[in-house]
Amino acid sequence: MALLEISGLTARHGLLEAVRGVSFSLEKGKTLALVGANGAGKTTLLRTLAGAHRAAAGRIEFAGADVTNLPSHKRAAAGIALVPEGRRLFARMTVEENLLLARAAGRPGRWTLEAVFEAFPNLLERRRSRAGSLSGGEQQATAIGRALMTNPDLLLLDEISLGLSPLVVDRVYRQLNALMSSGATIILVEQDLKRALGVADSVICMLEGRIILDGRAGDFTREQVTDAYFGLG
Ligand code: ATP
């Protein structure tokens with residue numbers, strides 16, 4: 001049975017339909033890469049899944065329950081966590097405080113403060129530093145750690161590579177790979193197609209709010225996805 005089942009999902013910004021009748025499903029333990037040009041609707045789709053944006057139409061079924069109209073805090077409690085674009089940490093609070101706040105929003109499970117510091121050892125020595133004083137890579141690790149602290153069944157990652165050096169991106173992805181091997185279910189928005197196709201089980205390419213390409217990551221070449229990206233497919 002699919003962990004996530006979306007049908008006919010539509011989301012708007014005013015009159016603009018940023019997500020237009022999107023349907024797909026995702027099985028437990030799989031990673032889905034969501035790609036597409038700027039403005040394709042990827043962020044709006046992730047935010048709608050997390051309950052940070054209202055669905056105008058359609059249905060989101062998660063672990064067998066209809067969560068379409070649940071507010072975001074109830075979706076976190078149901079097991080959906082979003083790592084938003086731009087990280088959105090509480091800059092004046094410490095790393096540890098940012099992580100502990102998330103714990104209250106989620107459920108108990110294997111992701112404790114200690115487990116996050118074990119997965120992201122560079123955060124351990126920064127635990128009492130203000131989040132705003134961290135490097136980009138440390139902030140991203142904190143943002144991912146914060147999502148993990150809710151012990152999610154589904155992790156939504158929005159452009160986690162943005163603004164990081166290639167070396168740091170490699171490090172973040174090494175940690176993500178470990179998460180994937182441990183059976184996490186992930187939807188990943190990633191601009192770097194090579195990286196996205198390299199880690200994901202399946203890929204969805206969006207264009208102007210619609211799914212234009214959908215399938216197993218191994219079934220597509222980078223060129224095919226790039227063509228879809230620009231509407232040439
Ligand atoms: P990016 O890679 O730039 O984040 P994206 O694929 O995530 O792009 P969205 O950010 O979801 O795309 O944007 C989809 C459409 O909705 C775009 O046309 C965008 O201009 C519009 N949009 C996004 N956020 C808002 C907003 N807060 N108010 C009005 N329009 C918005």
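The rules we used
Residue positions are counted from 1 within each chain, in the order its sequence is given. Note on the predicted model: pLDDT of at least 70 is required for a residue's local features to be given, and 80 or more for side-chain atom pairs to be given and counted; whole-chain, interface and lining totals, by contrast, use all residues. As a rule here, side-chain values cover all heavy atoms of the structure and leave hydrogens and water aside. Under the scheme used here, helices are H or I runs from DSSP no shorter than 4 residues and strands are E runs no shorter than 2 residues, and both carry numbers assigned from the N terminus. The globule rule used here is 2.2 Å times the number of residues to the 0.38 power, and the radius of gyration it is set against is calculated over C-alpha atoms. Only protein chains enter the accessibility calculation, which uses a 1.4 Å probe. A residue is then buried if its area is under 20% of the maximum for its type, exposed if over 50%, and partly exposed in between. Between rings of Phe, Tyr and Trp, where Trp is taken as its six-membered ring, a pair exists when centres lie within 6.5 Å; planes separated by under 30 degrees are stacked, by over 60 edge-to-face, and by other angles tilted. By the criterion adopted, a ring carries a charge over it if an Arg CZ or a Lys NZ lies within 6 Å of its centre and within 35 degrees of its normal. The rule for a residue being near a molecule or strand is that one of its heavy atoms must lie within 4 Å of it. We define a polar contact as two N or O atoms separated by no more than 3.5 Å, with the added condition that, inside protein, one atom must be a possible hydrogen donor and the other a possible acceptor, whereas residues neighbouring each other in sequence contribute only through side-chain atom pairs. With residues, only the protein chains shown are counted as cover, and all accessible areas are computed by Shrake-Rupley using a 1.4 Å probe. Between Lys or Arg on one side and Asp or Glu on the other, a salt bridge is scored when a side-chain nitrogen of the former is within 4 Å of a carboxyl oxygen of the latter. In this description, a line fitted to the C-alpha atoms serves as the axis of each element, helices being fitted only across the stretch in contact, and the angle between N-to-C directions of two axes falls anywhere from 0 to 180 degrees. Any angle from 65 to 115 degrees is called roughly perpendicular, while one under 35 is roughly parallel, one over 145 is roughly antiparallel, and all others are oblique. Crossing handedness is read from the near helix: turned anticlockwise from the far helix by less than a right angle, it gives a left-handed crossing, and turned clockwise, a right-handed one. Should any heavy atoms of two residues lie within 4.5 Å, those residues are counted as being in contact. For this classification, the nonpolar set comprises Ala, Val, Leu, Ile, Met, Phe, Trp, Tyr, Cys and Pro, the charged set comprises Asp, Glu, Lys and Arg, and every other residue, Gly included, is treated as polar. The directions considered for the arc run from the helix axis to the C-beta atoms.

> Residues and numbers for the overall build of the protein chain, please.
Tallying secondary structure elements over the protein chain gives nine helices and 10 strands in all. Whereas a compact globule of 233 residues would reach a radius of gyration of roughly 17 Å, the protein chain reaches 17 Å, a difference of no more than 12%. Expressed along its principal axes, the backbone C-alpha trace of the protein chain runs to roughly 50 × 35 × 35 Å. Counting all 233 residues of the protein chain, 50% fall into the buried class.

> I'd like a rundown of unusual backbone geometry, residues and numbers included.
In this structure, E159 is a non-glycine residue whose phi angle is positive, near 45°. Tracing the sequence through the fold places E159 in the loop between strand 7 (154-158) and helix 7 (166-181).

> Which residues make up the packing of aromatic side chains, and what values do they have?
By the definition in use, this model includes one aromatic pair. For the ring pair Y229 and F230, a centre distance of 5.3 Å and an interplane angle of 55° mean the geometry is tilted. Residue F230 is classed as exposed on the basis of its relative accessible area, which comes to 53%. A cation sits over an aromatic face here: R195 above Y173, 4.9 Å from the ring centre.

> Explain the site of the ligand to me, and be specific about the residues and the numbers.
Contacts to the ligand come from 14 residues, most closely from G39, G41, K42, T43 and T44. Interatomic distance of 2.9 Å between a backbone N/O atom of G41 and an oxygen atom of the ligand. At 2.5 Å from an oxygen atom of the ligand is found a side-chain nitrogen or oxygen belonging to T44. The protein chains hide 59% of the 620 Å² of surface that the ligand would expose on its own.

> Go over the pattern of salt bridges with me, naming the residues and quoting the values.
Scanning the entire structure with this criterion turns up 10 salt bridges. Linking R12 and E17 is a salt bridge whose minimum nitrogen-to-oxygen distance equals 3.3 Å. By relative accessible area, R12 is classed as partly exposed at 39%. Among the residues examined, E17 registers a relative accessible area of 29% and is labelled partly exposed. The closest approach of N and O atoms between R107 and D153, which form a salt bridge, is 2.9 Å.

> Help me get a handle on the packing of helix 3 (residues 95-105) against helix 6 (residues 136-148), residues and values and all.
Taken N-terminus to C-terminus, the directions of helix 3 and helix 6 make an angle of 25°; their axes are 7 Å apart at the nearest point. Taken together, the axes of helix 3 and helix 6 are roughly parallel relative to one another. Of the two elements, helix 3 crosses helix 6, and the hand of that crossing is right-handed. Facing V95, N98, L99 and A102 of helix 3, the residues of helix 6 in contact are T142, G145 and R146. Classifying every residue of the contact of helix 3 with helix 6 by side-chain character gives three nonpolar, three polar and one charged.

> Lay out the side chain of Q175 with the relevant residues and their values.
With respect to the helices and strands, the residue Q175 is situated in helix 7. Discounting residues that sit within four places of it in the chain, Q175 has contacts with A119, F120, P121 and N122.

> Which residues make up helix 9 (residues 222-229), and what values go with them?
By the burial criterion, the buried members of helix 9 are V225, A228 and Y229. Projected down its long axis, helix 9 carries its buried residues within an arc of 105°, all on one side. Packing partners of the buried residues in helix 9 comprise strand 3 (31-35), helix 8 (193-199), strand 9 (202-207) and strand 10 (210-216). Just downstream of helix 9, G231 is the residue with a positive phi angle, here 75°.

Remember, this is a structural readout, not a statement about activity or role.
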